[in-house]
Amino acid sequence: MLGLSLTVAGVPAWAADTAAAAGKYAGTGGPVPFEMNLQPPATQIAHEVYDLHTWMMIICMVIFVAVFGVMFYSIFKHRKSLGHKPASFHESTTVEIAWTVVPFLIVIGMALPATRTVVGMKDTSNADITIKATGMQWKWGYDYLKGEGEGIAFLSNLSTPRSQVGGPGVAPSEKRGDNYLIEVDNEVVVPVNKKIRIVLTANDVIHAWSIPAFAVKQDAIPGFVRDTWFKADHIGTYRGNCAELCGKEHAFMPIVVKVVSAEDYKVWVAGEKKKMAALADDPSKTWTIDELKTKGEKVYTTNCIVCHQANGKGLPGAFAALDGSKVVNGPKAEQIKVLLHGQKTGAFPSEMPAWKQLSDTDIAAVITYTRNNWSNKAEENIVQPAEVLAARK
């Protein structure tokens, strides 16, 4: 069993090193059924972590075999039935020194390379591209802050259909795909062999941004800014999850990073900027109520339905109901303020996050939709984008 464990620990590392030497990535970028070791590394730091893990496991295995080997040998060869009598000495200076110095040297030998790797993990200087990742219940928001692609922003939601998920006591009605619960509608796209700095925060509770193949895991904490980095060595798609228990939909906020060539990245940046320009509606445009309701339903389904539910009833004790809400049926200025700046009343464990990353038109549309849906019959039943724009100032 010990030999088998050692083999299981070592073979993937040799396979990863062989593949890396050939310029190929040895893994899938995500989890594999029955995988017994760390994911194959896709960055230099991940290689160092993988090697440290492998060698420390080997050291621990050697110590285990040596200590228990001596112990069992002594018990077997010096048992009472063979006529051996217990030694009468109480201490040995040589033994005392040996079992103090040897472990100390082993720990130092393990600590030095580990410290070098940890220091390297924290060095986020001289990044080629800086991306802000904001955790929220239960999705990620990304803003490209510096470098090529600056100004691009989007939300990344789970794209696995709910028909594949099912529910408590309800079996899924659709066969689950290969990337079940680790696929998103908008991937983070970065160029290969470029240092990417990820600046992390959250707007509700603590989340954690984690990509195992990059050896990256960093908490996103409300009110604080943390950072981490990676430099992918191989083109491919790499998958992770929020690694901090953040609420009932914790399992439904995956992270997907797509690493592409420099040329493909330029094409993606150009396409995203064209898409953003096309979606940037003129805030001075006056919309009809039906246009706003139709657009608002799509915005609500994408961003709000997880907490407030399709029927607008929310979740008792967890998330506020919009159906019959005093804020929704009251003056529209207050609802605009809530969407732009968030709200924490203390009535629920999770605060309402700010949604200022949405466009003026999207905010106007979703407010109009909620004010004219379910049993709501607000007197001020329509909000125009210009009103949202004015409230931002």
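Up top is the structure these notes are about.
Owing to the predicted nature of the structure, the values given are computational and were not obtained by experimental measurement.

Definitions and limits used
- Residues numbered from 1 in each chain as written.
- Predicted model: local features only at pLDDT ≥ 70, side-chain atom pairs only at ≥ 80, totals over all residues.
- Heavy atoms only, no water.
- Pairing = 2+ DSSP bridges.
- Helix = DSSP H or I, 4+ residues; strand = E, 2+ residues; numbered from the N terminus.
- Contact = heavy atoms within 4.5 Å.
- Polar contact = N/O pair within 3.5 Å; in protein donor to acceptor, adjacent residues only side chain to side chain.
- Core = buried A, V, L, I, M, F, W, Y, C linked by side-chain atoms within 4.5 Å.
- Buried < 20%, exposed > 50% of the residue type's maximum accessible area, 1.4 Å probe, protein only.
- Patch = residues over 30% accessible without salt bridge, like charges linked within 9 Å, V, L, I, M, F, W, Y side chains within 5 Å.
- Areas by Shrake-Rupley, 256 points an atom, 1.4 Å probe, with all protein chains shown as cover.
- Salt bridge = Lys/Arg side-chain N within 4 Å of Asp/Glu carboxyl O.
- Axes fitted to C-alpha atoms, helices over the stretch in contact; angles between N-to-C directions.
- Parallel < 35°, antiparallel > 145°, perpendicular 65-115°, else oblique.
- Left-handed = near helix turned anticlockwise from the far one by under 90°.
- Nonpolar A, V, L, I, M, F, W, Y, C, P; charged D, E, K, R; others polar.
- Phe/Tyr/Trp six-rings, centres within 6.5 Å; stacked < 30°, edge-to-face > 60°.
- Lys NZ or Arg CZ within 6 Å of the ring centre and 35° of its normal.

## Comments concerning the pairing of strand β9 (residues 236–242)
Stage number 1. For strand β6 (residues 207–211) and β9, the ladder comprises two bridges, and the chain directions are antiparallel. Along β9, the bridge assignment pairs Trp-209 with Cys-242.
Stage number 2. Inspection of the sheet shows β9 paired to strand β10 (residues 254–260) by six bridges, in the antiparallel sense. Following the sheet pairing, Gly-240 is matched in β10 by Ile-255.

## Regarding the environment of Asn-376
Stage number 1. By the element assignment, Asn-376 lies in the loop between α10 (360–371) and α11 (385–392).
Stage number 2. With residues up to four places along the chain from it excluded, the contact list for Asn-376 reads Leu-322, Asp-323, Gly-324, Ser-325, Val-328, Asn-329, Thr-370 and Arg-371.
Stage number 3. Within the structure, Asn-376 has its side chain in polar contact with the backbone nitrogen of Gly-324 (distance 2.7 Å).
Stage number 4. A polar side-chain atom of Asn-376 sits 3.1 Å from a polar atom in the side chain of Asn-329.

## Overview of the nonpolar core
Stage number 1. Membership of the largest hydrophobic core comes to 40 residues, with the highest contact counts inside it found for Trp-140, Tyr-144, Trp-209, Phe-214 and Val-257.
Stage number 2. Sequence-distant contacts of Tyr-144, defined by excluding residues within four places in its chain, comprise Ile-129, Thr-130, Ile-131, Gly-149, Glu-150, Gly-151, Ile-152, Phe-154, Val-188, Val-189, Tyr-265 and Trp-268.
Stage number 3. Listed in part, the 19 residues of the second largest apolar core include Leu-155, Leu-340, Ala-364 and Val-366.

## Looking at a nonpolar patch on the surface
Stage number 1. Side chains of Ile-59, Ile-63, Phe-64, Val-65, Val-67, Phe-68, Met-71, Phe-72 and Ile-75 sit close together on the surface and give an oily, nonpolar patch of about 760 Å² of accessible area.
Stage number 2. You can see Met-71 is positioned in helix α2 (residues 44–77).

## Some points on the environment of Pro-113
Stage number 1. In this structure, Pro-113 sits in helix α3 (residues 93–122).
Stage number 2. Taking the C-alpha atoms as reference points, Pro-113 and Glu-48, 65 residues apart in sequence, are found 8.8 Å from one another.

## Focus: the packing of helix α9 (residues 332–341) against α10
Stage number 1. It is the contact of α9 with α10, at a shortest axis distance of 11 Å, that shows an interaxial angle of 125°. One finds that α9 runs oblique with respect to α10. Both α9 and α10 take part in a crossing whose hand is right-handed. Here Lys-332, Gln-335, Ile-336, Leu-339 and Leu-340 of α9 come into contact with α10, specifically with Ile-363, Val-366, Ile-367, Thr-370 and Arg-371.
Stage number 2. Among the residues making up the contact of α9 with α10, the classes are represented as six nonpolar, two polar and two charged.

## Examining the packing of aromatic side chains
Stage number 1. Tallying each qualifying case throughout the model produces 14 aromatic pairs.
Stage number 2. Residues Tyr-142 and Phe-154 carry aromatic rings whose centres are separated by 5.7 Å and whose planes lie at 45° to one another, so their mutual orientation is tilted. On the criterion of sequence distance, the pair formed by Tyr-142 in strand β2 (residues 139–146) and Phe-154 in strand β3 (residues 153–156) is long-range, its members being 12 residues apart. Each member of the pair, Tyr-142 as well as Phe-154, is classed as buried.
Stage number 3. Aromatic side chains Trp-209 and Phe-230 sit 6.3 Å apart centroid to centroid with 15° between the ring planes, which places their arrangement in the stacked category. Of this pair, Trp-209 sits in strand β6 while Phe-230 sits in strand β8 (residues 226–230), placing them 21 residues apart in sequence. Of the two residues, Trp-209 and Phe-230, both sit in the buried class.
Stage number 4. Among the aromatic residues, those joined into a ring-pair cluster are Tyr-25, Trp-209, Phe-214, Phe-230 and Tyr-238.
Stage number 5. Of note, Lys-195 hangs over the ring of Trp-229, and the distance from its end group to the ring centre comes to 4.5 Å.

## Details of unusual backbone geometry
Most of the time, phi is negative for any residue but glycine, and the peptide bond is trans.
Stage number 1. In this structure, Trp-138 follows Gln-137 across a cis peptide bond, with omega equal to -5°.
Stage number 2. By the element assignment, Trp-138 lies in the loop between β1 (129–136) and β2.
Stage number 3. Look at Asn-126: it is not a glycine, yet its phi comes out positive at around 55°.
Stage number 4. Mapped onto the elements of the fold, Asn-126 is located in the loop between α3 and β1.
Stage number 5. At Ala-215, a residue that is not glycine, the phi angle is positive and equals roughly 55°.
Stage number 6. Mapping Ala-215 onto the fold places it in the loop between β6 and β7 (216–220).

## Regarding the sheet that holds β9
Stage number 1. Ordered by their spatial adjacency, five strands build an open sheet running β4-β10-β9-β6-β7, and the pairing between neighbours is mixed. Where the open sheet ends on each side, the last strands, each with one partner, are β4 (188–191) and β7. Taking the axes of each pair of neighbouring strands and ignoring which way they run, one obtains an average angle of 25° across the sheet.
Stage number 2. Along the sheet, helix α5 (residues 262–279) makes contact with β4 and β10, crossing β4 at roughly 140°.

## Examining the environment of Lys-132
Stage number 1. Tracing the backbone shows Lys-132 in strand β1.
Stage number 2. Residue Lys-132 is classed as partly exposed on the basis of its relative accessible area, which comes to 30%.
Stage number 3. Between the alpha carbons of Lys-132 and Val-67 there is a distance of 49 Å; along the sequence they are 65 residues apart.

## Side note on the pattern of salt bridges
Stage number 1. Within this structure, the stated rule accounts for 11 salt bridges.
Stage number 2. Across the pair Asp-227 and Arg-197 runs a salt bridge whose closest N-O atoms are separated by 3.1 Å. Within this pair, whereas Asp-227 is found in strand β8, its partner Arg-197 is found in strand β5 (residues 196–202), the two being separated by 30 residues in sequence.
Stage number 3. Between Lys-332 and Glu-387 there is a salt bridge whose closest N-O contact spans 2.8 Å. Of this pair, Lys-332 sits in helix α9 while Glu-387 sits in helix α11; the two residues are 55 residues apart in sequence, bridging distant segments of the chain.
Stage number 4. Taking relative accessible area as the criterion, Glu-387 reaches 27% and is therefore assigned partly exposed.

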